[in-house]
Amino acid sequence: MSSEPSPRGAAPAYDEAEKGTLDYPVEKKSLAFPSDEKKDLFTNEKKEVAAFNVPQVKKDPYMAQKGKKQPASKTILFKLWYNTYRKLFTITFSINVIMFGFAVSGHWPYATKYAGAFAVANFNVSILMRNEVFGRCLYLIVNTLFAKWTPLWWRLGCTSVLQHLGGIHSGGAVSGIMWLTYKVVNTYRNHINENNAILVVGLLTNVAVIVTAVAAFPWVRNTHHNVFERHHRFVGWTALFLTWGFTIMGDIYDTENRQWIPDGRHLVRQQDFWYVMGMTTWIVLPWICTREVPVDIELPSPKVAIVRFRRGMQQGLLGRISRSAVKEYHAFGIISEGTHAKYHYMICGVQGDFTRSLVNDPPRTLWTRELKFAGVSNTSTLYKRGIRICTGTGIGAALSTCIQSPYWYLIWIGSDQEKTFGPTISGLIHRHIEPERLLLWDSKVRGGRPDTMRILREVYHSWQAEVVFITSNYVGNSEMMEGCKEAGIPCFGTLWDFVSIRALLWLQARKMN
């Protein structure tokens, strides 16, 4: 990175051409004849006529076909919508609803008495599912024990569960709110015997936890990322402090004698105390690994920043970076030649204010968590052979897998990739990935986007792949996921919180037709 970056205008947003999703119109020419010659062209159909040849442009068989595409079946759309994430959410929430029903109906007095413990136990599990250390341990155990020798259905199931642990996270959080509300309601019902401080802190805790959960709703997170992060993180931390207060005060206050009993030995024997201790540990642990590190930034084009960090990484990891120590963290895929390498890289395509600032005002240092978190590609070691397909900046999450394993085939769809992404990325590809397991589709050179499903079907069978990993924008991801499901090809794609919108719009269109 240069010491004095040259001034430049605001970086343009990443357009459809760079994403590899732009359709280029193909000019169609037709023969035109003068009006007085048309009637004499075929004067007698039974006589031989002089043959003439019309020049034909050779059509690329892998180009996407124009026209209306056949929509996926309702069954496929439902399977994609009701994925493992929603299944895990359903299981987690349903178990809690059943227990909650027994408690509210009076058939389980224990749950009513210890509703606070049920609340923080659910929060504990919820936070644990998003903990980087716990996640890396799970991936390590699965990749070590089940790689290649176990049945394919089992390995696919392991990948699916690991990718969708967020279903347990959200299911536990919603269930915890349900139990906490029940605890607060019971506390207010017994307000005569409760201390006013407990009533106030309990209510504040409930409100703070609800705000934290609402901030994580998909429509908030996708349209107002900074609002989501600010409230989910800082209000969440506030909720943690309030939970400590509500738990400790409830444990040391004697409702029968209406007096405080500050007995430490009694406090540490309460289960809710240790559940809150677990919550705190899972929240604090990743932040201990946060460091400000030097970076070098390469700007191959106004739309992309290649951020270089020191030390190598294993494949399938993602990292969070920020200009600040505690706010506005953004996750990107990590590219590395292996743990022995001197550097690893992140590709940051210009999308919002943060990535635009990396191009317009390249920093010398960035904040990051030294402990990276695992993505779905980290399970690539489970499979004997696989395909990694990506579009545009999705190469950042895909490339390491194909660099570090000779059994993975790379398909990269984009626009003028070498010019857009620069010599560093191109060099990594051509040095480490042989031509027989590489397909680069330049939509500007080829005249448009490809028929991805035709390519995937052919490569899947010729490469003898077991699975396909997809990293693309929402439209591309949906098309490939639907196509793979229809073709019976095991696949895993980018997770989109609003994936149900496509199914709803399609069903609505079908009804209108």
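How each quantity is defined
- Residues numbered from 1 in each chain as written.
- Predicted model: local features only at pLDDT ≥ 70, side-chain atom pairs only at ≥ 80, totals over all residues.
- Heavy atoms only, no water.
- Helix = DSSP H or I, 4+ residues; strand = E, 2+ residues; numbered from the N terminus.
- Contact = heavy atoms within 4.5 Å.
- Axes fitted to C-alpha atoms, helices over the stretch in contact; angles between N-to-C directions.
- Parallel < 35°, antiparallel > 145°, perpendicular 65-115°, else oblique.
- Left-handed = near helix turned anticlockwise from the far one by under 90°.
- Nonpolar A, V, L, I, M, F, W, Y, C, P; charged D, E, K, R; others polar.
- Phe/Tyr/Trp six-rings, centres within 6.5 Å; stacked < 30°, edge-to-face > 60°.
- Buried < 20%, exposed > 50% of the residue type's maximum accessible area, 1.4 Å probe, protein only.
- UniProt positions renumbered as here; feature names shortened; annotations may be inferred.
- Expected span 1.5 Å × (residues − 1).
- Arc of directions from axis to C-beta.
- Polar contact = N/O pair within 3.5 Å; in protein donor to acceptor, adjacent residues only side chain to side chain.
- Pairing = 2+ DSSP bridges.
- pLDDT = per-residue confidence, 0-100.
- Core = buried A, V, L, I, M, F, W, Y, C linked by side-chain atoms within 4.5 Å.
- Salt bridge = Lys/Arg side-chain N within 4 Å of Asp/Glu carboxyl O.

### As for the environment of Val 307
In step 1: With respect to the helices, strands and loops of the structure, Val 307 is situated in strand S5 (residues 304–310).
In step 2: The spacing of Val 307 and Leu 366 is 59 residues in sequence and 9.7 Å in space, taken between C-alpha atoms.
In step 3: Setting aside anything within four residues of it in sequence, one finds Val 307 in contact with Val 295, Asp 296, Ile 297, His 344, Tyr 345, Met 346, Cys 348, Leu 358 and Leu 366.

### Focus: the packing of helix H12 (residues 225–252) against helix H14 (residues 271–288)
In step 1: Two elements in contact, H12 and H14, have axes whose closest approach is 10 Å; the angle formed by their N-to-C orientations is 155°. The angle between H12 and H14 falls in the class roughly antiparallel. Remark: the crossing between H12 and H14 carries left-handed chirality. Residues Arg 233, Trp 237, Leu 240, Thr 243, Trp 244, Thr 247 and Asp 251 of H12 form the contact with H14, whose own contacting residues are Asp 272, Phe 273, Val 276, Met 277, Met 279, Thr 280, Ile 283 and Trp 287.
In step 2: When the residues that make up the contact of H12 with H14 are grouped by side-chain class, the tally is nine nonpolar, three polar and three charged.

### Some words on the packing of aromatic side chains
In step 1: Applying the stated rule across the entire model yields 24 aromatic pairs.
In step 2: Ring centres of Tyr 110 and Tyr 114 lie 4.8 Å apart, and the angle between their planes is 45°; on these two criteria the pair is classed as tilted.
In step 3: For the pair Phe 469 and Phe 492, a centre-to-centre distance of 5.9 Å together with 65° between the ring planes defines the contact as edge-to-face. Within this pair, whereas Phe 469 is found in strand S14 (residues 467–471), its partner Phe 492 is found in strand S15 (residues 491–492), the two being separated by 23 residues in sequence. Here Phe 469 and Phe 492 have matching classes, each one buried.
In step 4: Taken together, Phe 100, Trp 108, Tyr 110, Tyr 114, Phe 118, Trp 179 and Tyr 182 form an aromatic cluster joined through their ring pairs.

### Structural notes on the UniProt feature "transmembrane region" (unreviewed entry) in the chain
In step 1: As recorded in UniProt, the feature "transmembrane region" (unreviewed entry) lies at residues 88–108, 166–185, 197–219, 234–253 and 273–288.
In step 2: Secondary structure across residues 234–253 divides into 95% helix and 5% strand, with the first and last C-alpha atoms of the span separated by 29 Å.

### Let's talk about helix H7 (residues 132–146)
For the α-helix, the turn length of 3.6 residues means that residues three or four positions removed from each other point alike.
In step 1: Taking 1.5 Å per residue, 15 residues should reach 21 Å; H7 reaches 21 Å between its end C-alpha atoms and fits that length.
In step 2: If you check which residues of H7 are buried, you get Glu 132, Gly 135, Tyr 139, Val 142, Asn 143 and Phe 146. For H7, the angular spread of the buried residues around the axis is 110°, confining them to a single face. Within H7, the exposed residues directed more than 90 degrees away from the buried face are Leu 140 and Thr 144.
In step 3: Buried residues belonging to H7 abut helix H8 (152–163), H14, strand S6 (317–322), strand S9 (365–369) and strand S10 (373–374).
In step 4: Of the residues that open H7, the one with a side-chain oxygen 3.0 Å from the backbone nitrogen of Val 133 is Asn 131.

### Observations concerning the sheet that holds S15
In step 1: Across the sheet, five strands lie side by side as S13-S12-S11-S14-S15; this open sheet has parallel pairing. At either margin of the open sheet sits one strand with a lone partner, and together these are strand S13 (438–442) and S15.
In step 2: As defined by bridge partners, strand S11 (residues 386–391) adjoins strand S12 (residues 408–414) across six bridges and the pair is classed as parallel. The residue bridging Thr 391 from the neighbouring strand is Ile 413, located in S12.

### Let's talk about the confidence of the model for the chain
In step 1: Put simply, the chain has an average pLDDT of 85, and 83% of its residues get 70 or more.
In step 2: Confidence over residues 1–57 falls short of pLDDT 50; this stretch has 78 contacts with residues more than four positions distant or in other chains.
In step 3: Contacts for the low-pLDDT stretch residues 498–513, under 50 throughout, to residues beyond four places or in other chains number 20 contacts.

### Some remarks on the environment of Tyr 474
In step 1: Inspection of the secondary structure assignment puts Tyr 474 in helix H20 (residues 474–487).
In step 2: Among the residues examined, Tyr 474 registers a relative accessible area of 16% and is labelled buried.
In step 3: Taking the C-alpha atoms as reference points, Tyr 474 and Gly 493, 19 residues apart in sequence, are found 9.8 Å from one another.

### Description of the pairing of S6
In step 1: With two bridges joining them, S6 and S10 adopt antiparallel strand pairing. Each residue of the ladder has a partner; that of Leu 318, found in S10, is Phe 373.
In step 2: Where S6 and strand S7 (residues 330–336) come together, four bridges link them in antiparallel fashion. Its bridge partner lying in S7, Leu 318 is registered against Gly 333.
In step 3: Direction of pairing for S6 relative to S9: antiparallel, over a ladder of two bridges. Within S9, the position partnered with Ser 322 by the bridge is Trp 367.

### Regarding the nonpolar core
In step 1: If you look at the biggest cluster of nonpolar residues, it comprises 56 residues, and the most contacted ones within it are Val 307, Leu 399 and Ile 425.
In step 2: In this structure Leu 399 touches Ile 335, Leu 410, Ile 425, Leu 428, Ile 429 and Ile 433, once residues within four positions along its chain are discounted.
In step 3: Of all hydrophobic cores here, the second largest spans 32 residues; its members include Val 184, Ala 208, Val 209 and Leu 240.

### As for the pattern of salt bridges
In step 1: In the structure shown here, the tally under the stated rule is eleven salt bridges.
In step 2: Where Arg 431 meets Glu 337, a salt bridge forms, and the shortest distance between an N and an O atom there is 3.9 Å. Linking Arg 431 in helix H17 (residues 417–432) with Glu 337 in the loop between S7 and strand S8 (343–349), this pair joins segments that are 94 residues apart in sequence.
In step 3: A relative accessible area of 26% places Glu 337 in the partly exposed class.
In step 4: The salt bridge partner of Glu 479 is Arg 449, with a shortest N-O separation of 3.4 Å. With a gap of 30 residues between them, Glu 479 in helix H20 and Arg 449 in the loop between helix H18 (443–446) and helix H19 (452–462) connect regions that are remote in the sequence.
In step 5: Judged by its relative accessible area of 22%, Glu 479 is partly exposed.
In step 6: One salt-bridge network, in which partners are shared between bridges, spans Glu 132, Arg 320 and Arg 369.

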